[in-house]
Amino acid sequence: MGLRRVVRHSAWICWKDLLEFSRSKLRMVMLVLMPLFMMMMVGFIFPTGDSISQQPIALANQDLAVNGTSLGDSFVAQLEAVNEQTGMMDLSDAVGFDDIKSKIQDGEVMGGIIVPSTFTSDILAGRQGNITVLTDQSNPQMSATMQSVLTQVIEQMGFLMAEQNLNQTYGVSLEQAPAVLKPYNVELKGIVPGDPNYFEFVAPGIMAMVVMMSLMTGLPHAISYEKDMGTLDGMLAAPTSRWAIILGKVMAQSSTGLIQGFIILLLSVLLFGVSIQGSILLVLLLIILTVFSFVGLGILITSFADKEETATMVMMTLMFPMMFLSGVFFPIQQMPSFMQTLASFLPLTYAADALRKVMVLGAGTEAILTDVLVLAVFGSVLLAVAVPMFKKAMSR
Amino acid sequence: MSDVAITATRLTKKFGDFTAVDHISFNVEKGEIFGLLGPNGAGKSTVIRMLSTLSTSTEGSATVAGFDVRKEAAKVREHIGLVSEKMIMYDELTARENLTLFGKLYDIPSDVLEKRIGKLLDFVRMQQWADHRIDTFSTGMKQRINVIRALVNQPEILFLDEPTLGLDPQSTAEVRELVRRINIENRTTIILTTHMMTEADMLCDRIGIIDRGKIVAMDTPAGLKRSVSGSDAALFEFEIPNLDSNILSSVKSTGSVSSVVQDDPTHIKVSSVGDDSFDILVDVLRKNGAQIRTVRNLEPTLEDVFLKITGHEVRDEVAKAPVPQRRGGPPGMRPKKRVR
Ligand SMILES: Nc1ncnc2c1ncn2[C@@H]1O[C@H](COP(=O)(O)OP(=O)(O)OP(=O)(O)O)[C@@H](O)[C@H]1O
Ligand SMILES: [Mg+2]
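Fair warning: this is a prediction, and the values are worked out from it, not measured in the lab.

**Examining the overall build of chain B**
Working step 1: Broken down by element type, chain B carries 11 helices and 14 strands.
Working step 2: Going through the 340 residues of chain B one by one, you find that 54% of them count as buried.
Working step 3: Intrachain contacts of chain B at a sequence separation of at least 6 include 71% that bridge at least 24 residues.
Working step 4: Accessible surface, chain B as shown: approximately 15,200 Å² in total, 51% of it carbon and sulfur.

**Topic: the overall build of chain A**
Working step 1: Counting secondary structure elements, chain A contains 16 helices and 4 strands.
Working step 2: In summary, chain A has a C-alpha radius of gyration of 29 Å against a globular reference of 21 Å for 396 residues, an excess of more than 25%.
Working step 3: Its C-alpha atoms give chain A principal-axis dimensions of about 100 × 45 × 35 Å.
Working step 4: Across chain A, contacts joining residues at least 24 apart in sequence account for 76% of those joining residues at least 6 apart.

**Thoughts on the interface of chain A and chain B**
Working step 1: Each side of the interface is counted separately: chain A has 28 residues, and chain B has 30 residues.
Working step 2: Of the roughly 2,600 Å² buried between chain A and chain B on both sides combined, carbon and sulfur atoms contribute 59%.
Working step 3: It is W12(A), R23(A) and P239(A) in chain A that bury the most area against chain B; as a group they hold 22% of the surface buried on that side.
Working step 4: The tally of links from chain A across to chain B stands at 5 salt bridges.
Working step 5: The partner of D107(B) in a salt bridge is R8(A), with the nearest N and O atoms 3.0 Å apart.
Working step 6: Only α1 (3–23), α9 (218–229) and α10 (231–236) of chain A provide two or more residues apiece to the side of chain A that touches chain B.
Working step 7: The biggest single contributor to the side of chain A that touches chain B is α1(A), with 10 residues.
Working step 8: Class assignment of the residues belonging to the side of chain A that touches chain B gives a composition of 11 nonpolar, 6 polar and 11 charged.

**Brief notes about the site of ligand 1**
All names here are of chain B.
Working step 1: Around ligand 1 lies a shell of 15 residues, among which N40, G41, S45, T46 and E85 are the nearest.
Working step 2: Within the backbone of G41, one N or O atom sits 2.7 Å away from an oxygen atom of ligand 1.
Working step 3: E85 places a side-chain nitrogen or oxygen 2.4 Å from an oxygen atom of ligand 1.
Working step 4: When contributions to the shell around ligand 1 are tallied by element, the ones reaching two or more residues are β2 (18–29) and α1 (44–51).
Working step 5: Of the residues assigned to the shell around ligand 1, the class counts are 6 nonpolar, 5 polar and 4 charged.

**Brief notes about the nonpolar core**
Working step 1: Counting 155 residues, the largest nonpolar core has I206(A), I6(B), F26(B), L51(B), V64(B) and F159(B) as the members making the most contacts within it.
Working step 2: Looking at this core, the element that brings in the most residues is helix α8 (residues 198–216) of chain A, giving 14 residues.
Working step 3: Discounting chain neighbours no more than four positions away, the residues touching F26(B) are I6(B), T7(B), A8(B), F34(B), V47(B), L51(B), I191(B), I215(B) and M218(B).
Working step 4: Of all hydrophobic cores here, the second largest spans 18 residues; its members include F75(A), V76(A), L79(A) and V153(A).

**So, the domain arrangement of chain A**
It is common to give the size of an interface as the accessible area that goes away when the parts come together.
Working step 1: One can read the domain layout of chain A as domain 1 (3–47 + 197–395) and domain 2 (55–181).
Working step 2: The straight-line distance from the C-alpha centre of domain 1 of chain A to that of domain 2 of chain A is 51 Å.

**Looking at the packing of α8(A) against helix α15 (residues 347–361) of chain A**
Residue and element names in this part refer to chain A.
Working step 1: Contact geometry for α8 and α15: axes closest at 8 Å, N-to-C directions at 135°. As the angle between them shows, α8 and α15 are arranged oblique. Crossing geometry of α8 relative to α15 is assigned as right-handed. Along the contact surface, α8 presents E200, F201, P204, G205, M207, A208, M209 and M212, while α15 presents L348, A351, A352, L355, R356, M359 and V360.

**A short note on the packing of aromatic side chains**
Residues and elements named next belong to chain B.
Working step 1: For the coordinates displayed, the defined rule picks out 9 aromatic pairs over all chains.
Working step 2: When the ring of F26 is compared with that of F34, the centres are 5.2 Å apart and the planes differ by 5°; the resulting orientation is stacked.
Working step 3: Its relative accessible area of 0% is what places F34 among the buried residues.
Working step 4: Seen in terms of ring centroids, Y90 and F102 are 6.3 Å apart; in terms of plane orientation they differ by 10°. Their pairing is stacked. Of this pair, Y90 sits in the loop between β6 (80–83) and α3 (95–105) while F102 sits in helix α3, and the two are 12 residues apart along the sequence.
Working step 5: Looking at Y90, the relative accessible area reads 3%, which means it is buried.
Working step 6: An aromatic cluster of at least three residues, connected via ring pairs, comprises F236, F238 and F278.
Working step 7: Positioned over the ring face of F102 is R149, at 4.5 Å from the centre of the ring.
Working step 8: Between the NZ or CZ atom of R181 and the centre of the ring of F123, over which it lies, the distance is 4.3 Å.

**Some points on the coordination of the magnesium ion (ligand 2)**
Any two of four tetrahedral donors ideally make an angle of 109.5 degrees at the metal, while pairs among six octahedral donors ideally make 90 or 180 degrees.
All names here are of chain B.
Working step 1: In this structure, S45 (OG) and E85 (OE) serve as the protein donors to the magnesium ion (ligand 2), at separations of 1.8 to 2.2 Å. Of the two residues, S45 sits in helix α1 while E85 sits in the loop between β6 and α3, which places them 40 residues apart along the sequence. Across this residue pair, the class does not change: S45 and E85 are buried.

**Points about the sheet that holds β6(B)**
Residues and elements named next belong to chain B.
Working step 1: The strand order β6-β7-β8-β3-β9-β10 describes an open sheet built from 6 strands, whose pairing is mixed. The outermost strands of the open sheet, each flanked by one partner alone, are β6 and β10 (214–219). The sheet shows a mean angle of 15° between the axes of neighbouring strands, taken without regard to direction.
Working step 2: Across 4 bridges, the pairing between strand β3 (residues 33–37) and strand β9 (residues 206–211) is parallel.

**What about the sheet that holds strand β1 (residues 55–61) of chain A?**
In a beta sheet, neighbouring strands pair by backbone hydrogen bonds and run either parallel or antiparallel.
Residue and element names in this part refer to chain A.
Working step 1: Strand order in this open sheet of 4 strands is β2-β1-β3-β4, and the pairing throughout is mixed. Two strands bound the open sheet, and with one partner strand each, they are β2 (89–93) and β4 (132–135). Within this sheet the neighbouring strands show an average axis-to-axis angle of 25°, counted without direction.
Working step 2: Helix α3 (residues 71–86) rests against β1, β2 and β3 (111–115) of the sheet, and its axis sits at about 150° to β2.
Working step 3: Strands β1, β2, β3 and β4 of the sheet are contacted by helix α4 (residues 97–106), whose axis makes an angle of about 175° with β3.

Procedures and definitions
- Residues numbered from 1 in each chain as written.
- Chains lettered and ligands numbered in written order.
- Predicted model: local features only at pLDDT ≥ 70, side-chain atom pairs only at ≥ 80, totals over all residues.
- Heavy atoms only, no water.
- Helix = DSSP H or I, 4+ residues; strand = E, 2+ residues; numbered from the N terminus.
- Buried < 20%, exposed > 50% of the residue type's maximum accessible area, 1.4 Å probe, protein only.
- Contact = heavy atoms within 4.5 Å.
- Areas by Shrake-Rupley, 256 points an atom, 1.4 Å probe, with all protein chains shown as cover.
- Rg over C-alpha atoms; globule rule 2.2 N^0.38 Å.
- Buried area = accessible area lost by both parts, 1.4 Å probe.
- Salt bridge = Lys/Arg side-chain N within 4 Å of Asp/Glu carboxyl O.
- Nonpolar A, V, L, I, M, F, W, Y, C, P; charged D, E, K, R; others polar.
- Near = heavy atom within 4 Å.
- Polar contact = N/O pair within 3.5 Å; in protein donor to acceptor, adjacent residues only side chain to side chain.
- Core = buried A, V, L, I, M, F, W, Y, C linked by side-chain atoms within 4.5 Å.
- Domains from an automatic or database assignment.
- Axes fitted to C-alpha atoms, helices over the stretch in contact; angles between N-to-C directions.
- Parallel < 35°, antiparallel > 145°, perpendicular 65-115°, else oblique.
- Left-handed = near helix turned anticlockwise from the far one by under 90°.
- Phe/Tyr/Trp six-rings, centres within 6.5 Å; stacked < 30°, edge-to-face > 60°.
- Lys NZ or Arg CZ within 6 Å of the ring centre and 35° of its normal.
- Donors = N, O, S within 2.8 Å, 3.2 Å for Na, K, Ca; no water.
- Pairing = 2+ DSSP bridges.

Structure (structure tokens):
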């Protein structure tokens, strides 16, 4: 059977699939909503530093003035000044520990700050002034963030105080004071300009994942659905090669996968502040390579699953580990080593890695050569296995 | 060229240990309507699937349009059309789009295809619905499109697997008429399956009765019936409101009549022999002033044939065969038992 004929037939089958797709309102809406939900969801599960704002915090200033001066009052004034700039907290007054505790339990506040009654007297007597920070432990993620933010604020204030003390007591100039107090300073600097944000980390991975899903779930679903409906018989009884059927389906699924990939790209740039450092063309080629690497797997699942239900079950089982182990959401380097080994067998790992390198780090072809090679080999091997399996499965 | 459209030789299909089709052999002549008649689970669809290259046989061989179904499947596919149990149509597409897709899979050039689709739509009087989506159609309309869809490649041989399943009486009649017209106007060889005796009787030139994977009888409908009654005898029931002893005795003394039974004051059953026995009987009755209100031909039906040959009635093989669900319609109507 001539190659041109196969391609022509597959184009018609793809036309049919896309036409069906475009006539289904639900599927059209999902095409846009799914990537949007995915991005939003990720944004909500993983709060970033700057997503913390106007958190309700209770403040109890119990400090007793000594000789008319209250260092607690000036601490609070400073805290309020800092907060005015960052807008992180929404401060409210509280009486003491028990009051704050009950407010946290009621969900009124996320945390609390207590300036103890001995604050001024301790400092004047040459002791450290203790400040207590209370957090809502039922929300560990928030609690940890609040804790570190408050600790930083308070430390920063302590540092300013110390500088002044040094200056007044020992005559150290204010310019030299920081070097005396903190001889080492760490300056964080990424290799790309601007602040890294979590979306930049996840967006490339999600793109790869959506493309994977549209092939791994879409392809078996599309074929087993037609098998169940009996329409597949119409194509099988026509003088059309099985290749044309599978190619047509792959083309249709890839198109929707690509469209979703681009929607994610667009959303990331427009709504989530992601900037693409590398070449867009390279990103495009990588998405197409990702499609290729998953086609074989999709066909393989299709041939194993004789019914739609089985297809759904098999792909669910395969997809979840892929999603979570492939470094789409969490960096692989943070996983235990055996998980890292496992991740190295998953093609999504390489697709996400390559896309991330190009999009976030602006890498060129040399940097992603390994990824490209692995994806190409994985795709070819699975395709070589899947096609005979599919042909066999088609003639029951 | 031979006159044979289909040959099946010891064709067998096993699903694991279960033999769905058991060494079936038959020929279908060109231009013929051949019926495979059998209950649910008999193996009708499996035979159709093997002949239309959708399923490979476990044993035996078959040729369709002169090509081997296994070795020359691609060639076979060019010459056949298939109407299977489930409708082969995409609901979200229009009638024309469905026909176009399949036409293109047969490599029909666009201009030819466009004209052909127009003609086919005319053929089933569906022109004005051409650009409407299939899911807006009634089951009867869908089936008409489904049937012409199998004709886009102008097949020599058309497979129809239970073409009237799930249709109401009017649509059933329409589809049967359509089948006849396809056979006559296009000289298309047709092989159809059914579990309905009347359908096989009405449409088929020859019938193969299939039961539990085996062909248990094969003949013309008339031949099958004769095999039950054993001769060209016929049994008629007349309803005569003014029935009297004079009329009764004149019928009894007619030469072709072998027996007369009176069931009640107005009904008689007459057994007679000979091709023109019915005409003779009516003449005799008229001459004696009988008013004939109704006549029924109580000739043996295919049901009788089936009962006699298999020793069991045509009914679902409950344990083995799940009733296939047809899209968009209720399951097929069971044949009613003959009312006496
Ligand atoms: N793919 C399959 N796997 C296993 N068994 C099958 C398969 N297809 C059919 N069978 C079995 O083979 C037997 C014949 O099935 P077939 O569909 O050919 O019957 P049929 O005569 O068309 O009946 P119906 O009137 O229900 O359509 C049935 O018992 C059925 O359960
Ligand atoms: Mg059947």
